[in-house]
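Residue strings, one per chain:
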Amino acid sequence: MKKTLWIGGELRETASYSELKNPFNLEFLADIAIADHQDVLSAVESAQKAVTEMAEMPAFQRSEILEKVAGFLKEDREECARIIAKEAAKPLKAALAEVDRTIMTYTFAGHEARRIHGETVPMDAAPGGQGRLAFTVREPLGVIAAITPFNFPMNLVAHKVGPAIAAGNTVVLKPASQTPLSAYKIAEYFHKAGLPAGALNVVTGSGSKIGDILMKDERIKMITFTGSPEVGKYIRENSGLKRVTLELGSNSALIIDDHVSLTEIMPRIVSGAFAYQGQVCISIQRIFVHENLFETFVEQFISETQKLKAGDPLNEDTDISAMITRGDVQRTKQWVDEAVRNGSGLMLGGNYEEGIFAPTVLVDVPLSEKVSCEEVFAPVVHINRFRTMKEAIELVNDSKYGLQAGIFTNDIHKALEAAKKLHVGGVMINEIPTFRVDQMPYGGVKMSGMGREGIKYAVEEMTELKLISFKMD
Ligand code: NAP
């Protein structure tokens, strides 16, 4: 199979291609186009040409296009999940869940397209403002560059393309090199749904090369990026006056207070730590357990983790499969070994077979270890103990990241204290930090990013507020 670029509503050949392989068994999947400089400029030009048509398209038509895309995804649910499972080694169960969420994301985008509006402004509240009728409108920005990661190749594309189209923008999409097939599939659906040529363009190839071209191009008004903090920072520093939103990584934490009943919540916590091999931006990486519950928690957590089945992502009962690259397996091994050398207790895992890293549980980890203070992005979790809620909150906040945090407690005062004091983008009470539904505001503080997604909030980022004032007399 060969995948050409998608520019100006057409398949576009280019000079070179690279082989895409399944991360689990390294089987060949497709030859993927590597966009050259000219291809990227051509994608931006197509997007620029479609700006007026998209800005003038009535809201109901934009909404209908998005609803059609959601419909195509529903019809092809299994096929789409298999694409994700193959290119990302995401276990089929998780891939199907991602497709279901992608359907919701485009459905919400369809709804949101119909309710983008401004507000009236009471100009006469200030002396000299009287005699005016004023209101705001939200206008599309124009061309938006969307750069996406490998770990949710359909739904994170949807979180950018959905609100961008809902708001009447045009898009140049650069998906992760490991997961281009899902992005090309979505481009096909938008074409079939009647999106004007050029309103969505897909370019594949090296992120750093394409990124540099997109960052320099004055025609691009916004870069919406999801990926690693290092790349996010580079984009922020090199994008001039373009609007930039960054959805970056984290080392998400969960607090387990004293007296919490563990049995019911344990499967959920284990899934929050190990789903998709821990390669989720809000994966549970640090668990802080009240000292009275510590031993019981560790015991139950390990026994629940041992139920996970490792294997081929295409098997319906697989829970854990290969990490995205063999290099990431090696990096994870080094970080775990280093933590153990420096005094952490290894309770489970710590080894790998080919691409699959075994679910790994560490205890009493010094917080300066990479498995604690850096984003591990692997099936590795550590469990430490605390005495007071004040201490637990300080431990969670002692991080350069701040995406989401979770707390299980029976004490409303402690829940409210955590809600107030945790320095993160979202606090999940009696829930794991890994919880997300696609319409909620989502994003981080500190090195976890800037700006918010969740369709309504992304639409705000992707529109310009214009004030219109009528002088009446
Ligand atoms: P990544 O290496 O940063 O890549 C993300 C995207 O950026 C890819 O399309 C990549 O292209 C591109 N890229 C790489 N270098 C670039 C550069 N210099 N300029 C512009 N673009 C560049 O991240 P990843 O490994 O795919 O994804 C994992 C990271 O994403 C983790 O840190 C995770 O926490 C984060 N993430 C955050 C969220 C959130 O919502 N907060 C959600 C999911 C993931 P290539 O693939 O071609 O290199």
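Residues numbered from 1 in each chain as written. Predicted model: local features only at pLDDT ≥ 70, side-chain atom pairs only at ≥ 80, totals over all residues. Heavy atoms only, no water.

**Description of the overall build of the chain**
No. 1: Each helix and strand in the chain was counted, giving 16 helices and 24 strands.
No. 2: Its C-alpha radius of gyration of 23 Å places the chain within 12% of the 23 Å reference for a compact globule of 473 residues.
No. 3: A principal-axis box enclosing the C-alpha atoms of the chain has dimensions of 70 × 65 × 40 Å.
No. 4: Within the chain, the proportion of its 473 residues that are buried is 56%.
No. 5: A separation of at least 24 residues holds for 72% of the contacts in the chain among residues at least 6 apart in sequence.
No. 6: Carbon and sulfur atoms provide 53% of the accessible area of the chain, an area that totals close to 19,500 Å².
No. 7: Taking the average place of the 52 positive charges on the side chains of the chain and the average place of its 62 negative ones, the gap between the two points comes to 3 Å. (Helix = DSSP H or I, 4+ residues; strand = E, 2+ residues; numbered from the N terminus. Rg over C-alpha atoms; globule rule 2.2 N^0.38 Å. Buried < 20%, exposed > 50% of the residue type's maximum accessible area, 1.4 Å probe, protein only. Contact = heavy atoms within 4.5 Å. Areas by Shrake-Rupley, 256 points an atom, 1.4 Å probe, with all protein chains shown as cover. Lys, Arg positive; Asp, Glu negative; His and termini not counted. Charge placed at Lys NZ, Arg CZ, Asp CG, Glu CD.)

**Focus: the pattern of salt bridges**
No. 1: Counted according to the given criterion, the structure contains 29 salt bridges.
No. 2: A salt bridge links Arg 101 to Asp 438, with the shortest nitrogen-to-oxygen separation between them at 2.8 Å. You can see Arg 101 sitting in helix α5 (residues 92-113) and its partner Asp 438 sitting in the loop between β21 (426-429) and β22 (445-446), a full 337 residues away along the chain.
No. 3: Judged by its relative accessible area of 3%, Asp 438 falls in the buried class.
No. 4: Put simply, Lys 370 and Glu 338 hold a salt bridge, and the shortest N to O gap is 2.9 Å. Here the residue Lys 370 occupies a position in helix α13 (residues 370-373), and Glu 338 occupies one in helix α12 (residues 326-341), the gap between them amounting to 32 residues.
No. 5: Overlapping salt bridges bring together Arg 77, Glu 78 and Asp 100 as one network. (Salt bridge = Lys/Arg side-chain N within 4 Å of Asp/Glu carboxyl O.)

**Focus on the sheet that holds strand β13 (residues 286-290)**
No. 1: If you trace the seven strands from one edge of the open sheet to the other, you get β14-β17-β18-β13-β12-β20-β21, paired in mixed fashion. Both outer strands of the open sheet, β14 (345-348) and β21, are each paired with one neighbouring strand and no more. Averaged over all pairs of adjacent strands, the angle between strand axes in this sheet comes to 20°, irrespective of strand direction.
No. 2: Seen against the sheet, helix α11 (residues 294-305) touches β12 (253-256), β13, β14, β17 (360-363) and β18 (380-386) and runs at an angle of roughly 165° to β18.
No. 3: Contacting β12, β13, β18 and β20 (404-408), helix α14 (residues 389-397) runs over the sheet at an angle of about 150° to β18. (Pairing = 2+ DSSP bridges. Axes fitted to C-alpha atoms, helices over the stretch in contact; angles between N-to-C directions.)

**What about the site of the ligand?**
No. 1: Neighbouring the ligand are 32 residues, the closest being Thr 148, Ser 177, Ser 228, Leu 248 and Glu 375.
No. 2: Measuring from an oxygen atom of the ligand, one finds a backbone N or O atom of Gly 205 at 3.3 Å.
No. 3: Separating an oxygen atom of the ligand from a backbone N or O atom of Gly 207 is a distance of 3.0 Å.
No. 4: When isolated, the ligand has an accessible area of 910 Å², and the protein chains bury 86% of it.
No. 5: Of the residues in the shell around the ligand, the class split is 17 nonpolar, 12 polar and three charged.
No. 6: Looking at which domains feed residues into the shell around the ligand, each of domain 1 (2-249 + 447-471) and domain 2 (253-437) supplies at least three. (Near = heavy atom within 4 Å. Polar contact = N/O pair within 3.5 Å; in protein donor to acceptor, adjacent residues only side chain to side chain. Nonpolar A, V, L, I, M, F, W, Y, C, P; charged D, E, K, R; others polar. Domains from an automatic or database assignment.)

**Some points on the sheet that holds strand β1 (residues 2-3)**
No. 1: Spatially, β1-β5-β4 is the arrangement adopted by the three strands of the open sheet, whose pairing is mixed. Unpaired on one side and paired on the other, β1 and β4 (16-21) mark the two borders of the sheet.
No. 2: Both β1 and strand β5 (residues 28-34) contribute to a ladder of two bridges, which runs parallel. Paired with Lys 2 across the bridge in β5 is Asp 31.

**A short note on helix α1 (residues 37-49)**
No. 1: Across its 13 residues, α1 extends 19 Å between first and last C-alpha, which sits within 8% of the 18 Å expected from 1.5 Å per residue.
No. 2: For α1, the N-terminal cap is Asp 36; the gap from its side-chain oxygen to the backbone nitrogen of Gln 38 is 3.1 Å. (Expected span 1.5 Å × (residues − 1).)

**What to know about the packing of aromatic side chains**
No. 1: Tallied over the full model, the rule gives seven aromatic pairs.
No. 2: Aromatic pair Phe 274 and Phe 301: ring centres 6.0 Å apart, planes at 50°, arrangement tilted. On the criterion of sequence distance, the pair formed by Phe 274 in helix α10 (residues 266-274) and Phe 301 in helix α11 is long-range, its members being 27 residues apart. For the pair Phe 274 and Phe 301, one class covers both residues: buried. (Phe/Tyr/Trp six-rings, centres within 6.5 Å; stacked < 30°, edge-to-face > 60°.)

**With respect to the domain arrangement of the chain**
Accessible area lost upon the coming together of the parts serves often as the stated size of an interface.
No. 1: Structurally, the chain comprises domain 1 (2-249 + 447-471) and domain 2 (253-437).
No. 2: Just the C-alpha atoms count here: the centres of domain 1 and domain 2 sit 31 Å apart.
No. 3: Of the residues lining the interface, 28 residues belong to domain 1; the matching set on domain 2 comes to 29 residues.
No. 4: Where domain 1 abuts domain 2, roughly 2,400 Å² becomes buried across the two surfaces, and 62% of that area is made up of carbon and sulfur atoms.
No. 5: Together, Phe 24, Pro 91 and Phe 150 form the three largest contributors to the area buried by domain 1 at its contact with domain 2, with a combined 24%.
No. 6: The interface formed by domain 1 and domain 2 contains one salt bridge.
No. 7: Among the ionic pairs, Asp 319 bridges to Lys 93, the shortest N-O distance being 2.7 Å.
No. 8: Seen at the junction of domain 1 and domain 2, the total is 11 residue pairs in polar contact (both at pLDDT 80 or more). (Buried area = accessible area lost by both parts, 1.4 Å probe.)

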